[in-house]
Amino acid sequence: MDSSTLVSVSDGWVRTTTLTDTATLDPLHDEPTPPRFRRRGRITMWVSGAWLLFIVFSAVGASFLPYVNHSCDQFENEDLCTTHVETNPLLAERPPSWALFSETSRPVVGDAPERFGLFGTDTNGYDLFSRTMFGARNSLLIGALSISFGILIGGMLGLVAGYMGKRVDKIIDTIMNILLAFPALLLAIFIVGFFDSSTTTEAESRSIVPIVIALVILSIPPIARLVRANTIVFAQREFVLAARSLGAKNSRIIMREILPNVMPAMVTFAITGMAILIVAEGALAYLGLSVTAPTPTWGAMIFGGQTKLETAWWISIMPSIILFVTVLAINLLGDALSEKFRIREAIG
Amino acid sequence: MKYFLRKLGQLVIVVFAVTFTVSLALGAIPYAEERIIAAKGSGAINEEEKNKLLDSLNLREPTLVQYGYFVGDLVTLDWGVTLNGNQPISSSISDGLKISLRLMIYGQLVALLLAIPAAVFAAYRSGGLFDRFSTTFSFGFISTPNYVLATVLGLLLTVRWKLFPAISTDVGFFEAPWDHFTNFFLPTIVLALPLAGTYMRLLRSDLINTLQSDFITTARAKGVSTPRILFGHALRPSLFSLVTAAAVNVGALVGGSVVVETAFNLNGLGRRTVLGIFASEFRLVQITVVVLALVYVMTNFLVDILYGFLDPRVRVGRLG
Amino acid sequence: MSTLQTAFRRRTGTLLRVEDLVTHFVTAGGVVRAVDGVTFSLDHGKRLGVVGESGCGKTILARSIMGLLPHRNVIRQGSVLFEGTELTTMSLKDRQKIWGAEMAMIFQDPMTSLNPVMKIGKQLAEPLRIHLGSSRENARAIVLKLLEDVGIPEPEKRFDQYAHELSGGMRQRIMIAMALACGPSVLFADEPTTALDVTVQAQILDLIEDQCREREMALVLVTHDLGVVAGHTDQIIVMYAGKIIEVAPTASLFSKMKMPYTEALFQSIPKLEDPSHTRLTAIGGRPPNLILPPEGCRFSPRCPYATDKCRTIEPELQAAEPDHLYACHHPVGSDRWSEVQVSLGRRPGGH
Ligand SMILES: Nc1ncnc2c1ncn2[C@@H]1O[C@H](COP(=O)(O)OP(=O)(O)OP(=O)(O)O)[C@@H](O)[C@H]1O
Ligand SMILES: [Mg+2]
């Protein structure tokens, strides 16, 4: 834009540091403060990464992990064995063992414990900790599947729209506008409800397929827009123009030249997008429209405990906490990544 | 002007597509007729009434004719009555709209009132204590699904401390101001906090960028006081993302606060539609979706015009 | 109140006294010594030029004097006396009373220096309303007069326009009008013409000079172009790597320059046939690293006359004449200088 800035960036290497440090520079702040630099960012990134690893690990290996049957080894009396699927009326609605301030509203029979496990038990006597970890499986699976398909379809539309421009761009843009004009959640409900009714008139058990389809459709427009905007930028760059003038095929240019450059933005968006979709699945569940037995999603678990808030708060609250922490971790990671990419773009 | 016409053209296309899809969707629903009859209470109506009902829905007509009737009914406001209870659909929608609009406006206002001052102060001392504190909090808010927030606040404020009614009722402000407040407080907060988090982050980062610009230095060199620089010079050019987001939410929240409406038992438009889907009130659902789409499309259209007010450069030649 | 002061202000004697001014930035890469011990003074109504290569700290010097810097991660030392008042210890509130009223500044890039979403008239009226408490109508009248003074046609129409509707030269005139609004006693002009076309450059410089004379206003003209300061200043400061290395009245600097660096700058004055944005590329080597400046004389790595002494002992400012100071072991005209000139095949002698 102005020559002096450019010049200083290229030959005054000091300016380059200034560029990346803009966050710590505030032009109005007027009291001298001691120098300070951020290291905090990296720690949050590690912590959230570790948490996500833990959740993913639990989700994948839920069946092999010790907590599945821990309660069966823990007590000699086999009646007190509770898992994530075996109903156990003896242990219904037990508060977490650390929640000394809470009592169960159900009678305690024999030597059955008053409090139970890390997360307590739900109305069926399922161990909530095991169940939450199994819930991770469905929640993450739904989130990951939906965002993958969303990126695939939305990304393709965005690439084509941004690269081809003109009429194609207009048509795709209009389709996206139409999709956006439908109220998101209602659209999802309609889709889920629609698939429901095509098998049975009464919704009994639901697979994750309709939910994934609904979420994919929701995620397409924003992804397409983001990718389109990024594509337009790169489609004007010299290397693309050069490839074009050499007579490379459009499909090749898109896949070889543009896609790799749009990738960082897409990956960053995919991460935050996954968080959004996990939350959206929860919203569907909250409205009674998600996967049912045998393994739940987090949303379904939170929904399941709604009516018990007064007597057994942990049924809703414990999965809520896990959901919150996971979404937070994903968001923090996405934020850190986007910052990283932006900086690299600014320098390189 | 050309820009204006182009946007208007798009608006028309979108409205057409939405109404058409909605009209078609009815035909695509499996067992639609049976469900409608069932919803009406199959035993309760005789053959004649049944035929009349189905005739009024034009289900057996060809697609295009169906669409024609649907649009005709929409335009002439001949919306019919609900299957159960025979409430006019128009009054059901306007009742729902009243509640949803109220929620949306309260939520947006609270969100903006929290976000704007926080963002300005955070950007003014970016990297400072308040900035880090508020950024952390806004991140927390953004990461809290509203059903989780509703659950937690519900547990603490209604179940434990009994400060607010667990089930909100739609009490008018002028009839009983205090009850109005207690009934709408929790839904508003649940709606507003995540929004505030998003708004705050958007505005903060735009403000930080603006504060680095040369014209801010010019203003400082003129001796403009700090608050005046922040609010008089820096705020307006930084409002783009915020206005866009807030505007999209105007449309999105009217139908999209289903979760909050469900959590607090408010019969807003979103909740009525969800219940409508479950109860096979297809006509109600169809019309609501069209109304919501119209609200959404219209707000977006208005925002595009509002941009011109925010940045005079847009009025002349638009970039995007 | 300020107008009265302006009217009866003493127009002679020292206006600005800068003593050992230091401005360092603490960055992740180390401490950037942008301004590293600068001392000079400026009399009422005088015009001072500050020249040096890009990145030598001219802008930061001007801003440090005004106190217009980000304060986070900045180390500041030294003193700035403005009409006998110490500025460096003044509170922000008090400095804001001086900014725009007593000291004004115009910037390099008129494209980005005006608020894009505020009408020109309102931006111009702002200092008047803040410092003089003018009413809206009053301010409008003064602004229209100012616009006329800086040579803007149809002031009435411009008043309600936005910055993007004006050309670059026009915007710089607006910036000048804004700086003049409250009748400051010193104007800092930071490369006011760098971003403009050659034809417009001369007009803007003439405008600044005329206005300074008319309003008995002192001028600090910052530029990397010796050609610009030649005709428009009374005195020149040559900066290198955050330090003053030569100070002299304009005429004697050009006739009797002492510093090899000044000489190199002089030789790189853009000739008429050069395109307008040619930078000072004539001086070989890289501009100095301001985090770890070279030992001894900071120019020594690039100086053709440098000896071991230059690379170890930093030369002090010394007087060639009472008003001509320089910091060099082998100034222009010394034996070493002649020796190298001969070895380079140039004829030693004056310019
Ligand atoms: N906020 C800052 N943080 C760190 N270093 C800075 C900052 N501002 C300026 N600098 C450095 O201080 C040095 C002097 O900068 P300054 O802008 O004064 O140069 P200049 O002489 O005005 O050059 P130009 O001709 O390019 O305007 C430069 O090396 C620059 O990189
Ligand atoms: Mg400069």
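Structure report, in brief.

Scanning chain C from terminus to terminus reveals 14 helices and 12 strands. Here the C-alpha atoms of chain C give a radius of gyration of 21 Å, agreeing with the 20 Å that 2.2 N^0.38 yields for 351 residues. If you line up chain C on its principal axes, its C-alpha atoms span 70 × 45 × 45 Å. A total of 351 residues make up chain C; the buried ones form 58% of that total. Per element, the accessible surface of chain C, about 14500 Å² overall, is 53% carbon and sulfur. Between the averaged position of the 39 positive side-chain charges in chain C and that of its 40 negative side-chain charges there is a distance of 4 Å.

As a further point, take the interface of chain B and chain C. Taken together, the 25 residues of chain B in the interface contact 29 residues of chain C. For the pairing of chain B and chain C, the buried interface totals around 2200 Å² over both sides, and the portion due to carbon and sulfur atoms is 56%. Of all residues in chain B, Arg220(B), Ala221(B) and Lys222(B) bury the most surface against chain C, accounting for 28% of the area lost on that side. For the interface between chain B and chain C, the tally reads 2 salt bridges. Elements supplying a minimum of two residues to the side of chain B that touches chain C: α9 (214–221), α10 (226–234) and α15 (312–316) of chain B. Broken down by element, the residue count for the side of chain B that touches chain C peaks at 6 residues, all from α9(B). A breakdown of the residues in the side of chain B that touches chain C according to their chemical character gives 7 nonpolar, 10 polar and 8 charged.

Turning to the pairing of strand β2 (residues 30–43) of chain C, a few remarks are in order. Taken together, the 11 bridges between strand β1 (residues 14–27) of chain C and β2(C) define a ladder with antiparallel strand orientation. Across the sheet, Val18(C) pairs through a bridge with Phe40(C), a residue of β2(C).

What follows deals with the interface of chain A and chain B. Note on interface size: it is often stated as the accessible area lost on association of the parts. Chain A puts 49 residues into the contact, and the matching count from chain B is 55 residues. Linking chain A with chain B are 1 salt bridge, by the criterion used here. Elements supplying a minimum of two residues to the side of chain A that touches chain B: α6 (166–181), α7 (184–199), α10 (250–286) and α12 (314–347) of chain A. Sort the elements by how many residues they give to the side of chain A that touches chain B and α12(A) lands first, with 10 residues. Class assignment for the residues of the side of chain A that touches chain B results in 29 nonpolar, 12 polar and 8 charged.

Moving on: the pattern of salt bridges. Residues and elements named next belong to chain C. Going through the model one piece at a time under the given rule, you end up with 26 salt bridges over all chains. Of the charged contacts, one joins Lys145 and Asp149 as a salt bridge, the two residues approaching to 2.9 Å between their closest N and O atoms. Of the two residues, Lys145 and Asp149 both sit in helix α6 (residues 136–149), 4 residues apart, roughly one turn of that helix. Residue classification places Asp149 among the partly exposed residues on the basis of a relative accessible area of 25%. Sharing partners across several salt bridges, the network here consists of Arg47, Glu209, Arg213 and Asp234.

All names here are of chain C. Overall, antiparallel pairing links the 4 strands, which are arranged β2-β1-β4-β5 in an open sheet. Every interior strand has two partners, whereas the edge strands, β2 and β5 (85–86), have only one. By the bridge criterion, 8 bridges tie β1 to strand β4 (residues 74–82) in an arrangement that is antiparallel. Bridge pairing links Arg17 to Leu81 in β4. Across the sheet, helix α2 (residues 58–66) touches β1, β2 and β4, and the angle it forms with β1 is around 115°.

Outside of glycine, negative phi angles account for most residues, and trans bonds account for most peptide bonds. Even without being glycine, Asn265(B) reaches a positive phi, approximately 60°. Here Asn265(B) shows up in the loop between α12 (258–263) and α13 (269–278). The phi angle at Glu191(C) is positive, at roughly 45°, despite the residue not being glycine. Structurally, Glu191(C) can be placed in the loop between β7 (186–190) and α9 (198–214). The exposure class assigned to Glu191(C) is buried, which follows from its relative accessible area of 7%.

Residue and element names in this part refer to chain C. Taking strand neighbours across the sheet as the criterion, the 8 strands line up as β6-β7-β8-β3-β9-β10-β12-β11 in an open arrangement whose pairing is mixed. For this open sheet the edge positions go to β6 (103–106) and β11 (318–321), each flanked by a neighbour on one side alone. Pairs of neighbouring strands in the sheet enclose a mean axial angle of 20°, with direction left out of account.

All names here are of chain C. Within the secondary structure, Glu83 is located in the loop between β4 and β5. A sequence separation of 102 residues divides Glu83 from Ser185, and the C-alpha atoms of the two residues are 9.8 Å apart. Of the polar contacts made by the side chain of Glu83, one reaches the side chain of His44; its length is 3.5 Å.

Rules and cut-offs
Residues numbered from 1 in each chain as written. Chains lettered and ligands numbered in written order. Predicted model: local features only at pLDDT ≥ 70, side-chain atom pairs only at ≥ 80, totals over all residues. Heavy atoms only, no water. Helix = DSSP H or I, 4+ residues; strand = E, 2+ residues; numbered from the N terminus. Rg over C-alpha atoms; globule rule 2.2 N^0.38 Å. Buried < 20%, exposed > 50% of the residue type's maximum accessible area, 1.4 Å probe, protein only. Areas by Shrake-Rupley, 256 points an atom, 1.4 Å probe, with all protein chains shown as cover. Lys, Arg positive; Asp, Glu negative; His and termini not counted. Charge placed at Lys NZ, Arg CZ, Asp CG, Glu CD. Contact = heavy atoms within 4.5 Å. Buried area = accessible area lost by both parts, 1.4 Å probe. Salt bridge = Lys/Arg side-chain N within 4 Å of Asp/Glu carboxyl O. Nonpolar A, V, L, I, M, F, W, Y, C, P; charged D, E, K, R; others polar. Pairing = 2+ DSSP bridges. Axes fitted to C-alpha atoms, helices over the stretch in contact; angles between N-to-C directions. Polar contact = N/O pair within 3.5 Å; in protein donor to acceptor, adjacent residues only side chain to side chain.

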